[in-house]
Amino acid sequence: MSLTDLPKPFFVLAPMDDVTDTVFRRVVDECAVPDIYFTEFVNVDGLQSSGRKNLLKKLQFTAQERPIIAQIWGKNPENYYKTAQQIADGSLAQEANALNNHDKNTKQKPLNFAGIDLNMGCPDKKIVKNGCCAAFINDRKLAGEVIEATQKGASINKSNGRQIFLPVSVKTRLGFNEIDYTWHEFLLGYNLDMLTVHGRTKKQMSKVPANWDALGRIRKLRDNFASETLIVGNGDVMSRSQGVELTQQYGLDGIMIGRGVFSDPYVFSKKSPWLNMSKQDRIDLYKKHVELFASTWNNRERPIQTLNKFCKIYINHFDGAKELREKLMNAKTTQELLGLLIKA
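All values derive from a computational prediction rather than experimental measurement.

Glancing now at the overall build of the protein. The number of helices and strands found in the protein is 15 helices and eleven strands. For 344 residues, the compact-globule formula gives about 20 Å, and the C-alpha radius of gyration of the protein, at 20 Å, lands near that figure. The C-alpha extent of the protein, read off along each of the three principal axes, is 60 × 45 × 40 Å. Summarising the internal contacts of the protein: among those between residues at least 6 apart in sequence, 71% fall at separations of at least 24. Summing over all exposed atoms, the protein offers an accessible surface of approximately 15800 Å²; the carbon and sulfur share of this is 46%. Averaged over its 48 positive side-chain charges, the protein has a centre that lies 3 Å from the centre of its 38 negative ones.

Written out as structure tokens, the structure reads:
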């Protein structure tokens, strides 16, 4: 996939740890399809260690969830290089999907990721203290080494002499403690295929409204420094129509939606039916999610408590929803959970 082939504007499902796994992405896909999916963010240092097997579940995907970009994070440039190589040549996707081969009955060619995204924006205190993600804003020497290592690893020489460059992008924030446009100028100097900016600083977390005026200014910087880099805005988008308006107002190429999908699984739809859906429709959608979860993670790769954060999405906006949620979130097995949903 070439990012230049995307529609304008295009819409992206944001990477959210322990949320946007292969199960939830398939649920979203059946509701309203985004133009690009992202994986959960996966640590390259862990992937290149004895802990690799425990992280592969974060990289599982099916043919339904495409195009999909692998989002990675970590500290060691060499591990970024090795991981990028394994993403570009398809071996990492094959290894991850071999754990639970959803497409084993198909004869299609092996699935692969459509690009690599570098997480340089996560504000988690523990991660930042370790010098990763948003910490790169204050360590540009290491940030540059990471980008260069990834871009080098994403370049593959085929046996026929053809060279393939897998798209490399960055997701970041407006700055560390305050807005710092020199950071975005720095990133644009690496000719990224795409730059996604969350409209808040690391310090602001999600405590203030996203600053879209600042995102518009970054788009203008793009025009001056790297005209081919796609600029994607992220923060507080709750509907497709709102996203379209923001791209038009600020001249952005795309919109990434994260928490908006918790309010409406059909958030990528041009005309969402969510507010008018019946109690039974909502219960049936959660039932589908639970069934997919049970069949995908049948070796208990993820605990059932993972489903609790999704319960509020579906079991809402009808009489008795709160009481039903309490019962569902106390279920100990997916079988018990499905039994409660059938009786509801």
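On we go from here.
Right, let's get into the side chain of Asp117. Along the polypeptide, Asp117 turns up in strand β5 (residues 115-120). Buried and unpaired, Asp117 has no salt bridge, with Lys171 as the nearest side chain of opposite charge at 7.2 Å. Polar side-chain contacts of Asp117 include one of 2.9 Å to the side chain of Gln71. In this structure Asp117 touches Phe38, Ile69, Ala70, Gln71, Ile72, Ser169, Val170 and Lys171, once residues within four positions along its chain are discounted.

Attention now moves to helix α4 (residues 77-88). The terminal C-alpha atoms of α4 lie 16 Å apart, and with twelve residues this matches the ideal 16 Å at 1.5 Å per residue to within 8%. Regarding α4, the residues found buried are Asn79, Tyr80, Thr83, Ala84, Gln86, Ile87 and Ala88. By the N-cap criterion, in which a side-chain oxygen at the helix start approaches the backbone nitrogen of a residue two or three places on, α4 is capped by Asn76, the distance to Glu78 being 2.8 Å. Following α4 by one or two positions, Gly90 has its phi on the positive side, about 90°.

Running from N to C, helix α1 (residues 22-31) and helix α12 (residues 279-296) point in directions that differ by 145°, and their axes come no closer than 9 Å. Every pair of crossing elements has a handedness; the one defined by α1 and α12 is right-handed. Facing α1, whose interface residues are Thr22, Val23, Phe24, Arg26, Val27, Glu30 and Cys31, α12 presents Leu285, Lys288, His289, Leu292, Phe293 and Thr296. For the contact of α1 with α12, the per-class residue count stands at seven nonpolar, three polar and three charged.

Attention now moves to the environment of Ala143. Mapping Ala143 onto the fold places it in helix α7 (residues 140-153). Judged by relative accessible area, Ala143 falls into the buried class, the value being 0%. Along the chain, Ala143 and Ser2 lie 141 residues apart, while their C-alpha atoms are 25 Å from each other. Once residues within four sequence positions are removed from consideration, Ala143 is found in contact with Met120, Phe136, Trp183 and Phe186.

The next thing to look at is the pattern of salt bridges. Taken as a whole and assessed by the stated rule, the structure comprises 18 salt bridges. For Glu40, the salt bridge is made with Lys58, and the minimal N-O distance between the two is 3.5 Å. Highlighted residues: Glu40 in the loop between β2 (36-38) and β3 (42-43) and Lys58 in the loop between α3 (52-55) and β4 (68-73), separated in sequence by 18 residues. When sorted by exposure, Glu40 lands in the same class as Lys58, which is buried. In this structure, Arg52 and Glu95 form a salt bridge, with 2.8 Å as the shortest nitrogen-oxygen distance. Of this pair, Arg52 sits in helix α3 while Glu95 sits in helix α5 (residues 91-97); the two residues are 43 residues apart in sequence, bridging distant segments of the chain. Here Arg52 falls in the buried class, since its relative accessible area comes to 15%. One salt-bridge network, held together by shared partners, links Asp17, Asp18, Asp21, Glu40, Lys58 and Arg302.

Reading the values: rules and limits
- By convention here, each chain's residues receive numbers from 1 onward along its written sequence.
- Only residues with pLDDT of 70 or above have their local features reported here, since the model is predicted, and side-chain atom pairs are shown and tallied only from 80 upward, although totals for entire chains, interfaces and linings are computed over all residues.
- The basis for every side-chain value is the complete set of heavy atoms in the structure, and neither hydrogens nor water enter the calculation.
- Every helix listed is a DSSP run of H or I at least four residues long, and every strand listed is a run of E at least two residues long, numbered separately from the N terminus.
- Radius of gyration here uses only the C-alpha atoms, and the compact-globule reference equals 2.2 Å multiplied by the residue count raised to the power 0.38.
- Any two residues having at least one pair of non-hydrogen atoms within 4.5 Å are treated as being in contact.
- Note on areas: Shrake-Rupley, 1.4 Å probe, and residue coverage restricted to the protein chains presented here.
- By the counting scheme adopted, Arg and Lys are positive, Glu and Asp are negative, and His together with the chain ends is not counted.
- The atom standing in for a charge is NZ when the residue is Lys, CZ when it is Arg, CG when it is Asp and CD when it is Glu.
- Summary of the burial criterion: residues with accessible area below 20% of their type's maximum are buried, those above 50% are exposed, and those between are partly exposed, where the area comes from a 1.4 Å probe applied to protein chains only.
- Note on definitions: salt bridges are taken to be side-chain nitrogens of Lys or Arg within 4 Å of carboxyl oxygens of Asp or Glu.
- In protein, a polar contact means a hydrogen-donor-capable atom and an acceptor-capable atom, both N or O and within 3.5 Å, with residues adjacent in sequence counting only if both atoms are side-chain atoms; elsewhere, any N or O pair within 3.5 Å suffices.
- Here the expected span of a helix is defined as 1.5 Å times the quantity of residues minus one.
- Angular values range over 0 to 180 degrees, each being the angle between N-to-C directions of two axes fitted as lines to C-alpha atoms, with helices fitted over their stretch in contact.
- For any pair of crossing helices, the crossing counts as left-handed if the nearer helix is rotated counterclockwise from the farther one by less than a right angle, and right-handed if it is rotated clockwise.
- Residue classes follow a fixed rule: Ala, Val, Leu, Ile, Met, Phe, Trp, Tyr, Cys and Pro count as nonpolar, while Asp, Glu, Lys and Arg count as charged, and any other residue, Gly among them, counts as polar.

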